[in-house]
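Examining the three-dimensional arrangement
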Amino acid sequence: MRISWRKHLNTLGPLVGLVFVVLIFSGLLAWKDVADHREFSGDETMSFFAAMGEAELFGLRAFLGGANAKIVLTQTVIVALGALGMTLIIISGGIDLSAGSVVALCSVVGAQLLNTDWAAGLGVVLITVAVGGLVGFANGAVITGLRMMPFIVTLGMMTIARGAAKWLGGNQTVNFPETPLLNLMALRAPDSFLPLPPGVLIAAVLAVVTAFLLKHTVFGRYVFAIGSSEATARLCGIRVQRTKVVIYALAGLYFGLAGLMQMTRLGQGDPTVAIGLELDIIAAVVIGGASLSGGAGSVAGSMVGALIMTTLRSGSQLMGWPNYFQEIIIGTVIILAVALDRLRHKKAQ
Amino acid sequence: MPAPRLQMTDVHKAFGATKALRGVSFAVERGEVHALIGENGAGKSTLMKILSGALKPDAGSIALEGIPFRPGNPLHARESGVAMIYQELNLAPHLNAEENILLGREPSRLGRIDRRAHRKAAIRALDELEHHIPLDVPVGELTIAEQQLVEIARALVTEPKVLIMDEPTSSLSRVDTQNLFRVIRQLRERGVSIVYISHFLEECQEIADRFTVLRDGESVGSGRMAGAKLDEIIHLMVGREIADIYPPHARRPEKVIFDVHQLAGIGKPADVTLELRRGEVLGIAGLVGAGRTETLRAVFGLDRIQRGRVLYLDRDLTRRSPRGSWRNGIGMVSENRKEEGLMLEQSLADNLCLTRFRPFSLFGWISRRRQHAASAGLMGRLGVRAREPGQAVGELSGGNQQKIAIGRLLHHDADILLLDEPTRGIDVGSKQQIYQIMNQLAEQGKSVIFVSSYLPELLGVCDRIGVMCRGVLSGIRPVGDWSEHEIIAVATGQK
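It should be emphasised that the depicted structure is a prediction, and the values quoted were computed from it without experimental measurement.

Points about the overall build of chain A
Of regular secondary structure, chain A possesses 14 helices and 2 strands. What you see for chain A is a C-alpha radius of gyration of 22 Å, in line with the 20 Å of a compact globule of 349 residues. Viewed in the frame of its principal axes, chain A has a C-alpha envelope of about 70 × 60 × 30 Å. Taking all 349 residues of chain A together, the buried fraction comes to 50%. Within chain A, residue pairs in contact and separated by at least 24 positions form 77% of the contacts whose partners lie at least 6 positions apart. Element-wise, carbon and sulfur atoms account for 69% of the exposed surface of chain A, whose accessible area totals about 16300 Å². When the 23 positive and 17 negative side-chain charges of chain A are each reduced to one mean point, those points stand 20 Å apart.

What follows is the structure in structure tokens.
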């Protein structure tokens, strides 16, 4: 029993974090609601519980309600899709800084495709995602072919992809005609939790598939092996270079899909969108328990990490905190999450 | 009689439910080399961490020259006169010897380093060792032996009363070991007390004045080294009789199946020719740096081959990758367990099965249940002490880790096994088990190339032994025709 607990600790840790974030914001919002009510009723001396009884707790209800959960999930889709790819890369001991630029590039590619008449519907999806995969493949090929640091190569690719996106979009946002693809991220029935937008379901299914890929396939073991000890993997006859190229290409596909989601959410292709998104994605993966030195991490953890980030944003918005304040909080949470993780590992030893 | 230089009395230390130390007492006199002997897990490292201030004891007392000694942290311990040299050297590889020696205690005025005083202090420290080491080269470019001298010089700067050395010879060749012993004797002359920890009993016998044996966290015996019998010490260490560490064998190696002809790599090896028979253990002796590791790597396909041939059952396997080697039934255990042998954070099962998931996978999907069942079987056969196959391999002791690294070759059912220092740094019990495994494998008709720096084990386990010197393998002869003395003579190029 004790053993199975330990096994799930890695996933459980981030989950506890998520619950903690929800509880804190619930408390803060209730406090704010009460304060608002006191002010509104003009009775500053009213006791906290009396005020709570009388107040309608709009903020708290908005935060915990099904409608907000839907919004949070929808807002998580893009970071979550990116985090799926990034989880593979980070477990294998690499990093990809070009994710945000690839999202922007693919959003422009998708928009431009919709403006032509030689691809429609599924064709647009496939080509857009394939472009992401191609960029990832290029990353992997350069990293392994020239034996360069992933950090440097993808830093370069970050700028290249951003430039390509601007070029392709003529340095401005690209509008496109009405298309069924817009339903992917559309919030229908805004007052209730269901139905969820298809994008959320797609991300959920892909998360399950990726988790299986990592945990139950030979490829998954190779990803962990390379991140844990590349020399050992090589000694054991794993085709390290080839596996790495596959990892980066696969991750690129996820970034491409995230780009498509980005496009349908905004209703346009935008070459300047998703600046710094790669850092949100990396943060989600790291909050989820992955180690930047490779060999550790999980899809479930990364998904919870992505949710924590969006929940923080949602809560801060409902509190009426300005943007800069949110950024400070998110930064603090990243550092705290990793610090807690280290503490946990120290205890385990 | 004055108080001893260092006295530990009934020291206890527990980590949770695990009792690492259950009553350790020993005393070291002034100018004495005191060997601390024990299997892995006997409590040596815990004891050393307590002495160096990294851990605090739960009970018991420590006295330094009669004064109670309770180091709060490593710095405090050093300033009180207890210095420590760890097995893994702690040098800044990009700084040069001079900078390393004085790291943390640079003579300076207002933050500006006094260059002349700096150099003088470093030279003084090295002069005491009577060794010349280039001062201006980054220490990462020095040999391991030179790096160790730098580390010792650094310890001497603080003028320690007690110097603790943890496995100082584990990566040194015979000649470098003798040099180190000369340094140790000089320090002893000057009154420094040395606590010497080593797995090599013969070395302890050579250098130590007295010894203390630790077993399961207790000091079970101590005495004068002169006159003590090796068998008795081993008996104290393991608490049981080891009639013979090396299993008796009556093998009859058959025909030659593996043939390496005039193999040369980039730099090393320069010229290696060997024939390996079915059911044979072939030993390769030599000094560190002679090119033994490089030979195995080239044969296995990890390093580039410049010249020569590798034939296996008349198939030409000269140019291939590690993957090709595994496919042909050739497996290798690296000398560098932590970096190239194992994936420390990953499970025992994954470490064992990394080269061959096929028995329990279908179209790339792995049945975890069957993988763990197979791993548990192997772990039983290897005598691995672990909780379950899903446990991370890094949590195990060194000996058990090494068994997992070797177990990978058993799981793969490799016919040719290349073992590079498979018993380095592990306890006697685990070593014995590994010898037995090698013996069983040979009896099953597998062939083993066994590289080791420890001559008794080569002489005890192998059928034939060859010696490498400066990249050249020579004089492969049946083990009966070799003596330790002769091997050393060939290895050092005297013959």
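Focus on the domain arrangement of chain B
Residues and elements named next belong to chain B. Taken domain by domain, chain B consists of domain 1 (6–238) and domain 2 (256–491). Put simply, the middle of domain 1 and the middle of domain 2, counted by C-alpha atoms, are 32 Å apart. With 13 residues of domain 1 at the contact, the number on the domain 2 side is 15 residues. In total, domain 1 and domain 2 occlude about 1200 Å² of area from one another, counting both sides; carbon and sulfur atoms represent 61% of this. Here domain 1 is connected to domain 2 by 0 salt bridges. Put simply, domain 1 and domain 2 have 1 residue pair in polar contact (both at pLDDT 80 or more) between them.

Section: the interface of chain A and chain B
In this complex, chain A contributes 25 residues to the contact, which on the side of chain B involves 28 residues. Together, the buried faces of chain A and chain B total about 2400 Å²; carbon and sulfur atoms form 54% of this surface. If you sort the residues of chain A by the area they bury against chain B, Arg221, Leu235 and Cys236 of chain A come out on top, with a joint share of 28%. Between the two partners, chain A and chain B, sit 1 salt bridge. Here Arg221 of chain A makes a salt bridge to Asp350 of chain B, at a shortest N to O gap of 2.6 Å. Where chain A packs against chain B, one counts 13 residue pairs in polar contact (both at pLDDT 80 or more). Elements with a minimum of two residues in the side of chain A that touches chain B: helix 1 (2–41), helix 8 (198–216), helix 9 (218–228) and helix 10 (230–235) of chain A. Residue classes in the side of chain A that touches chain B are distributed as 10 nonpolar, 8 polar and 7 charged.

A short note on the environment of Phe200 of chain B
Residue and element names in this part refer to chain B. Note that Phe200 resides in the loop between strand 10 (193–197) and helix 7 (201–207). Residue class for Phe200 comes out buried when judged on its relative accessible area of 18%. The spacing of Phe200 and Tyr454 is 254 residues in sequence and 8.6 Å in space, taken between C-alpha atoms. Discounting chain neighbours no more than four positions away, the residues touching Phe200 are Thr169, Ser170 and Tyr454.

Side note on the sheet that holds strand 16 (residues 305–312) of chain B
All names here are of chain B. The antiparallel open sheet is built from 4 strands, whose spatial order is 14-13-16-17. Only two strands of the sheet have a single neighbouring strand rather than two, namely strand 14 (272–277) and strand 17 (315–316). In the packing of helix 9 (residues 292–300) onto the sheet, contacts are made with strand 13 (256–265), strand 14 and strand 16, and the angle to strand 13 comes to roughly 115°.

Overview of the pairing of strand 13 of chain B
Side chains on a regular strand alternate between the two faces of the sheet. Residue and element names in this part refer to chain B. Inspection of the sheet shows strand 13 paired to strand 14 by 5 bridges, in the antiparallel sense. Pairing of Leu263 across the sheet is with Val272, part of strand 14. Sheet topology note: the strand 13/strand 16 ladder contains 6 bridges and is antiparallel. Residue pairing for strand 16: His261 is matched across the bridge by Arg309.

Looking at the pattern of salt bridges
Any two side chains of opposite charge can pair if their charged atoms end up close together. Applying the stated criterion across every chain yields a total of 23 salt bridges over all chains. The structure contains a network of salt bridges with shared partners spanning Arg292, Glu335, Glu421 and Arg424 of chain B.

Here we look at the sheet that holds strand 9 (residues 162–166) of chain B
Residue and element names in this part refer to chain B. Within the open sheet, the 6 strands sit side by side as 6-9-10-3-11-12. Their pairing is mixed. Each having just a single partner strand, strand 6 (82–85) and strand 12 (218–224) make up the two edges of the open sheet. Across the sheet, the mean angle separating the axes of adjacent strands is 20° when strand polarity is ignored. Across 4 bridges, the pairing between strand 3 (residues 33–37) and strand 10 is parallel. Across the sheet, the residue bridging to Val33 is Ile194, located in strand 10. Together, strand 6 and strand 9 form the strand contacts of helix 5 (residues 144–157), whose direction differs from that of strand 6 by roughly 170°. On top of the sheet, helix 6 (residues 174–189) reaches strand 3, strand 9 and strand 10; it is set at about 150° to strand 10, its chief contact.

Brief notes about the side chain of Ser375 of chain B
Residues and elements named next belong to chain B. With respect to the secondary-structure elements, Ser375 resides in helix 13 (residues 368–382). Residue Ser375 is classed as buried on the basis of its relative accessible area, which comes to 0%. There is a polar contact of 2.7 Å between the side chain of Ser375 and the backbone oxygen of Gln371. Residues contacting Ser375, with those up to four places away along its chain left out, are Ala349, Leu352, Cys353 and Pro389.

Concerning the pairing of strand 18 (residues 330–333) of chain B
Residue and element names in this part refer to chain B. Residues Ile330 and Met332 line one face of strand 18 and the alternating positions Gly331 and Val333 line the opposite face, and both faces are buried. Here strand 18 pairs with strand 21 (residues 416–420) via 4 bridges, running parallel. By the bridge assignment, Met332 is partnered in strand 21 with Leu418.

Topic: the nonpolar core
Of all hydrophobic cores here, the largest spans 134 residues; its most connected members are Ile37, Ile152 and Phe258 of chain B. The two domains that each donate at least three residues to this core are domain 1 (6–238) and domain 2 (256–491) of chain B. Not counting the four nearest positions on each side in its chain, Ile37 of chain B is found in contact with Lys44, Leu201, Cys204, Phe211, Thr212, Val213, Leu214, Met225, Ile233 and Met237 of chain B. Leu84, Leu88, Met185 and Ala284 of chain A belong to the second-largest nonpolar core, a separate cluster that totals 69 residues.

A word on the packing of aromatic side chains
Within this structure, the stated rule accounts for 9 aromatic pairs over all chains. Taken together, a centroid distance of 6.3 Å and an interplanar angle of 50° make the contact between Phe212 of chain A and Trp365 of chain B tilted. Pair noted here: Phe212 of chain A is in helix 8 and Trp365 of chain B is in strand 20 (residues 365–366), and the two residues belong to different chains. According to the relative accessible area criterion, Phe212 of chain A is partly exposed, its value standing at 42%. Using a relative accessible area of 46% as the deciding quantity, one classes Trp365 of chain B as partly exposed. A ring pair is formed by Tyr246 of chain B and Tyr435 of chain B, whose centres lie 5.0 Å apart and whose planes are at 45°; its orientation type is tilted. With a gap of 189 residues between them, Tyr246 of chain B in the loop between helix 8 (230–238) and strand 13 and Tyr435 of chain B in helix 15 (residues 428–443) connect regions that are remote in the sequence.

Side note on the side chain of Ser302 of chain A
Residue and element names in this part refer to chain A. Within the element layout of this structure, Ser302 appears in helix 13 (residues 299–319). At 2.8 Å, the side chain of Ser302 and the side chain of Thr87 are in polar contact. What Ser302 contacts, discounting residues up to four positions off in sequence, is Ala83, Thr87, Ala284, Val285 and Gly288.

Analysis parameters
- Residues numbered from 1 in each chain as written.
- Chains lettered and ligands numbered in written order.
- Predicted model: local features only at pLDDT ≥ 70, side-chain atom pairs only at ≥ 80, totals over all residues.
- Heavy atoms only, no water.
- Helix = DSSP H or I, 4+ residues; strand = E, 2+ residues; numbered from the N terminus.
- Rg over C-alpha atoms; globule rule 2.2 N^0.38 Å.
- Buried < 20%, exposed > 50% of the residue type's maximum accessible area, 1.4 Å probe, protein only.
- Contact = heavy atoms within 4.5 Å.
- Areas by Shrake-Rupley, 256 points an atom, 1.4 Å probe, with all protein chains shown as cover.
- Lys, Arg positive; Asp, Glu negative; His and termini not counted.
- Charge placed at Lys NZ, Arg CZ, Asp CG, Glu CD.
- Domains from an automatic or database assignment.
- Buried area = accessible area lost by both parts, 1.4 Å probe.
- Salt bridge = Lys/Arg side-chain N within 4 Å of Asp/Glu carboxyl O.
- Polar contact = N/O pair within 3.5 Å; in protein donor to acceptor, adjacent residues only side chain to side chain.
- Nonpolar A, V, L, I, M, F, W, Y, C, P; charged D, E, K, R; others polar.
- Pairing = 2+ DSSP bridges.
- Axes fitted to C-alpha atoms, helices over the stretch in contact; angles between N-to-C directions.
- Core = buried A, V, L, I, M, F, W, Y, C linked by side-chain atoms within 4.5 Å.
- Phe/Tyr/Trp six-rings, centres within 6.5 Å; stacked < 30°, edge-to-face > 60°.

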